[in-house]
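Below are the chains, spelled out letter by letter.
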Amino acid sequence: PAAAAAAAGDGDDGVADWYEDVLPVYVGDDTTDEDAFRALRAFGAVCVLVEPSGATATQKAAERPRATHATHTLRSVGEVQEFVALLGR
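Since the structure is predicted, the reported quantities are computational estimates derived from the model, not experimental observations.

### Remarks on the overall build of the protein
Thinking step 1. A tally of helices and strands in the protein yields five helices and three strands.
Thinking step 2. Secondary structure elements of the protein, listed N to C terminal, follow the sequence α-α-β-α-β-α-β-α.
Thinking step 3. Within the span of the protein, comprising 89 residues, buried residues form 21% of the whole.
Thinking step 4. A separation threshold of at least 6 residues defines the contact pool for the protein, and within that pool the share at least 24 residues apart is 46%.

Pasting the structure below:
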């Protein structure tokens, strides 16, 4: 209902209402995701940084900032798959 009202423009604080019963989850693997991590943390989001792996891991790791706005870190795509499966339970 709140999301519908916000979409229809029928409320002053529709942006704040849409997530009332939602836990935002954002998964990212590079520097470009830091803006989303930072923005979504204000909404209590679970922000997951996936560490680089594979042939380009060293290069990707060098490109990452030392600090992150993510709330959690996973080591691989396989761990992301396990995480998402657990969320669905």
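### Focus on the packing of aromatic side chains
Within a pair of aromatic rings, the relevant descriptors are the distance that separates the centres and the angle that separates the planes.
Thinking step 1. Within the structure shown, the criterion is met by one aromatic pair.
Thinking step 2. An angle of 85 degrees between the planes, with centres 5.7 Å apart, marks the rings of Y26 and F37 as edge-to-face. Taken together, the positions of Y26 in strand 1 (residues 25–28) and F37 in helix 3 (residues 34–41) put the pair eleven residues apart, joining distant regions of the chain.
Thinking step 3. Residue Y26 is classed as partly exposed on the basis of its relative accessible area of 25%.

### Some details on the pairing of strand 1
Thinking step 1. Here strand 1 pairs with strand 2 (residues 46–50) via four bridges, running parallel. From the neighbouring strand, G28 faces strand 2, where its bridge partner is L49.
Thinking step 2. Once the chain exits strand 1 it traverses helix 3 before rejoining the sheet at strand 2, and the crossover so formed is right-handed.

### What about the sheet that holds strand 2?
Thinking step 1. What the three strands build is an open sheet, ordered 1-2-3; its pairing is parallel. Each having just a single partner strand, strand 1 and strand 3 (72–74) make up the two edges of the open sheet. Taken over all neighbouring pairs, the strand axes of this sheet differ in orientation by 25 degrees on average, direction set aside.
Thinking step 2. In the packing of helix 3 onto the sheet, the strands contacted are strand 1 and strand 2, and the crossing angle to strand 2 comes to about 160 degrees.
Thinking step 3. Strands in contact with helix 5 (residues 77–87) are strand 1, strand 2 and strand 3; relative to strand 2, the strand with the most contacts, it is inclined by about 160 degrees.

Cut-off values and rules
- Residues numbered from 1 in each chain as written.
- Predicted model: local features only at pLDDT ≥ 70, side-chain atom pairs only at ≥ 80, totals over all residues.
- Heavy atoms only, no water.
- Helix = DSSP H or I, 4+ residues; strand = E, 2+ residues; numbered from the N terminus.
- Buried < 20%, exposed > 50% of the residue type's maximum accessible area, 1.4 Å probe, protein only.
- Contact = heavy atoms within 4.5 Å.
- Phe/Tyr/Trp six-rings, centres within 6.5 Å; stacked < 30°, edge-to-face > 60°.
- Pairing = 2+ DSSP bridges.
- Right-handed = clockwise from strand over helix to strand, strands pointing away.
- Axes fitted to C-alpha atoms, helices over the stretch in contact; angles between N-to-C directions.

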